[in-house]
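Each chain, written out:
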Amino acid sequence: MTDSTAIVWFRRDLRLHDHPPLVRALAAHARVVPVFVLDPAIVRGRFASGARTAFMLDCLRELDADLRERGSGLVVREGRPERELPALAREIGAAAVHWASDATPYAIARDRRVRSALAAAQPAVAAVPGPGNFVADVGRPRTRAGGPYTVFTPFHRAWQQLERRTVHRTPAVLPPLPAGLRRGALPSLAALGLTDELSPTARAVEPGERAARRAAERWLDGHLGDYARDHDRLAGGTSALSPYLHHGCLSARECEQRAVRRGGEGAEAFVRQLAWRDFYAHVLLHHPEDVRREHQERMRALRWERDDELLAAWQDGRTGFPLVDAGMRQLRASGWMHNRARLVTGSFLTKDLQLDWRAGEAWFMRWLLDGDVASNNGNWQWIASVGVDPAPAFRRILNPALQQRRHDPDGAYVRRWVPELARVPDALLTEPWLMSEQQQRAAGCRIGADYPAPIVDHAHERRRALERYRAAGSES
Ligand code: FAD
């Protein structure tokens, strides 16, 4: 270790356990300064989300408290990282900046600017990117021809063979911050011009590393074993760890290790889902243009309809299809939605309403606590049948009623999020519009008054969607 100072630049790795940049910096430098740079322009950018930013600010407050407990603290700067980091490095005489690399086009462009600014500083400051955000190195897997993967199954096979890095413990003690250094303070959400629109009582998860570790513990000990069987069960069945994984309150690599140690079918299925997360980061790393357009070139010719009323009905959960409405209302109240509901609502937007997947992508980014450019974009393209891992469009047109019957057989999910249907009997809950007048009276739910009649006819829209996809050249 040299008598030098390093900056550890926290981004979306808001934890102290298993934090490779922190561990590397501590091993090589006598003094380590943890910093978060808040770029207000980005927080208010294309995918601005009051809910997700509020969650992030709470995670940062907890990170600061945990750093202080260990003798350090979080330094906060507001502005462009390429200006703030070299300025801070100059102020404290830092020789290096360590960070965990990321895969989105925004992160890559930002990091490139930071590297050049650090290299141009007097004296120059070393830029040290490294692992931390993914299970494995998402830049590494290569097809036999040497290119990146665009199909999940072979990616998954190659990914399983990649070596894994060591999982690190939380450091017990940290070096103090340099005397006299201005710490800076986190802004309030209001100061950023944002509001948290989630329901305070329905929020999916509590922010911060401690809550994340408790939730992971409970999940791995109590439910992992049933995951292979239950992961499509809408009322529960999955871990709900995604907000923590997105903000890095949990380490994906550590989650993998802990699941693998437990072993069994559930663990295998869970690790496979973590591979999907790495897969979409891999895809975006190699195809940054996917953030704005369809991965499949021929699908860029698909004609999307425009209808603000239909879009608003979808966004508000007023489509008349109980499962679609339950999912959309869960999203808006809690900032999270079950994966099966994301698939059904995504299929409904793009195949039943014939609306552009980008409208759904943006709406999800506004509300999701786990809103993640790579996973959200990749999954939206998947369900819209325009992305990587292609399949004929007809295979990804989901029938909301059938999906509900299969994955919410007792109606627990739908009744929780669509209370006007609470008293509709199970047999009618998937298609409440089929209730007779008498049945509606008995259920206390008049279709068209208390709960909407379906806004489209699924069978008809399915045929229309297939025509549209066929016209664009899909094999459907
Ligand atoms: P679990 O089933 O417990 O899985 C464990 C972890 O694996 C998840 O936390 C997540 O990190 C990862 N994972 C699981 N499924 C996927 C998947 N299909 N793609 C990528 N990673 C996966 N996930 C996000 O993290 N952010 C998003 O913005 C996002 N947008 C989506 C949009 C659509 C239209 C769809 C269909 C899926 C989207 N997903 C997104 C993927 C998936 O729905 C969520 O990761 C999952 O629902 C999170 O719940 P969980 O933590 O209980 O997952």
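Values in this document were obtained by computation on a predicted structure and should not be read as measured data.

Take the overall build of the protein chain next. The helix and strand inventory of the protein chain stands at 20 helices and 5 strands. Based on the C-alpha atoms only, the size of the protein chain along its principal axes is roughly 80 × 50 × 45 Å. Summarising the internal contacts of the protein chain: among those between residues at least 6 apart in sequence, 79% fall at separations of at least 24. Just so you have it, the protein chain exposes about 20100 Å², and 50% of that area is on carbon and sulfur atoms.

The parallel open sheet is built from 5 strands, whose spatial order is S3-S2-S1-S4-S5. Only two strands of the sheet have a single neighbouring strand rather than two, namely strand S3 (75–78) and strand S5 (126–130). The mean inter-strand angle of the sheet, taken between neighbouring strand axes irrespective of direction, is 30°. On the sheet, helix H3 (residues 50–69) packs against strand S1 (2–10) and strand S2 (29–38) and is oriented at approximately 160° with respect to S2. Packing of helix H4 (residues 81–92) onto the sheet brings it into contact with S1, S2, S3 and strand S4 (94–100), and relative to S1 it is tilted by some 155°.

For the protein chain, the domain assignment lists domain 1 (2–132), domain 2 (134–166 + 208–286) and domain 3 (297–475). Taken together, the contact pairs 8 residues of domain 1 with 10 residues of domain 3. With both sides pooled, the region where domain 1 packs onto domain 3 buries about 780 Å², and carbon together with sulfur makes up 64% of that total. At the junction of domain 1 with domain 3, the criterion picks out 1 salt bridge. Here Arg 12 ties to Asp 372 by a salt bridge, and the two come within 3.6 Å at their closest N and O atoms. Applying the counting criterion to the domain 1 and domain 3 interface returns 3 residue pairs in polar contact (both at pLDDT 80 or more). Tallied by class, the residues present in the side of domain 1 that touches domain 3 amount to 4 nonpolar, 2 polar and 2 charged.

Here the focus is the UniProt feature "site: Electron transfer via tryptophanyl radical" (unreviewed entry) in the protein chain. Look at the UniProt record and you will see "site: Electron transfer via tryptophanyl radical" (unreviewed entry) annotated at Trp 304, Trp 357 and Trp 380. With respect to the helices and strands, the residue Trp 357 is situated in helix H15 (residues 357–367). We classify Trp 357 as buried; its relative accessible area is 0%. Beyond its immediate sequence surroundings of up to four residues, Trp 380 is in contact with Trp 314, Gly 346, Leu 349, Thr 350, Trp 357, Gly 360, Glu 361 and Phe 364.

In this structure, Leu 241, Tyr 244, Phe 279 and Trp 314 are the most contacted members of the largest nonpolar core, which totals 118 residues. Looking at this core element by element, the count peaks at 11 residues for helix H11 (residues 265–286). Leaving out residues up to four positions away in the same chain, Tyr 244 has contacts with Phe 55, Val 205, Glu 206, Gly 208, Ala 211, Ala 212, Ala 215, Cys 249 and Leu 250. Residues Ile 7, Trp 9, Val 35 and Ala 121 belong to the second largest nonpolar core, which totals 19 residues.

Here we come to the site of the ligand. Close to the ligand lie 27 residues; Tyr 227, Thr 238, Ser 239, Ala 240 and Asn 339 are nearest. Leu 241 is positioned such that a nitrogen or oxygen atom in its backbone is 3.0 Å from an oxygen atom of the ligand. Note that an oxygen atom of the ligand is positioned 3.0 Å from one of the backbone N or O atoms of Ser 242. When the ligand sits alone it has 810 Å² of accessible area, and the protein chains cover 97% of it. When residues of the shell around the ligand are traced back to their parent elements, those giving at least two are helix H9 (242–247), H11, helix H14 (339–352) and helix H16 (373–383). Per-element accounting of the shell around the ligand gives the leading share, 6 residues, to H11. For the shell around the ligand, the class distribution of residues is 14 nonpolar, 9 polar and 4 charged. When residues of the shell around the ligand are sorted by domain, at least three fall in each of domain 2 (134–166 + 208–286) and domain 3 (297–475).

This part takes up the packing of aromatic side chains. Applying the stated rule across the entire model yields 19 aromatic pairs. Taken together, a centroid distance of 3.8 Å and an interplanar angle of 5° make the contact between Phe 152 and Trp 276 stacked. Taken together, the residues span a long stretch of sequence, with Phe 152 in helix H6 (residues 152–161) and Trp 276 in helix H11 at a distance of 124 residues. Considered together, Phe 152 and Trp 276 belong to a single accessibility category, that of buried residues. Aromatic pair Trp 276 and Phe 279: ring centres 5.6 Å apart, planes at 80°, arrangement edge-to-face. Placement of the pair is Trp 276 and Phe 279 together in helix H11, with a separation of 3 residues, close to one helical turn. Relative accessible area serves as the criterion here: at 17%, Trp 276 is assigned to the buried category.

So, about the environment of Gly 371. Position of Gly 371 among the secondary structure elements: in the loop between H15 and H16. Accessibility expressed as a relative area gives 3% for Gly 371, which makes it buried. The sequence separation of Gly 371 and Glu 91 amounts to 280 residues, and the corresponding C-alpha distance is 35 Å.

Calculation rules
- Residues numbered from 1 in each chain as written.
- Predicted model: local features only at pLDDT ≥ 70, side-chain atom pairs only at ≥ 80, totals over all residues.
- Heavy atoms only, no water.
- Helix = DSSP H or I, 4+ residues; strand = E, 2+ residues; numbered from the N terminus.
- Contact = heavy atoms within 4.5 Å.
- Areas by Shrake-Rupley, 256 points an atom, 1.4 Å probe, with all protein chains shown as cover.
- Pairing = 2+ DSSP bridges.
- Axes fitted to C-alpha atoms, helices over the stretch in contact; angles between N-to-C directions.
- Domains from an automatic or database assignment.
- Buried area = accessible area lost by both parts, 1.4 Å probe.
- Salt bridge = Lys/Arg side-chain N within 4 Å of Asp/Glu carboxyl O.
- Polar contact = N/O pair within 3.5 Å; in protein donor to acceptor, adjacent residues only side chain to side chain.
- Nonpolar A, V, L, I, M, F, W, Y, C, P; charged D, E, K, R; others polar.
- UniProt positions renumbered as here; feature names shortened; annotations may be inferred.
- Buried < 20%, exposed > 50% of the residue type's maximum accessible area, 1.4 Å probe, protein only.
- Core = buried A, V, L, I, M, F, W, Y, C linked by side-chain atoms within 4.5 Å.
- Near = heavy atom within 4 Å.
- Phe/Tyr/Trp six-rings, centres within 6.5 Å; stacked < 30°, edge-to-face > 60°.

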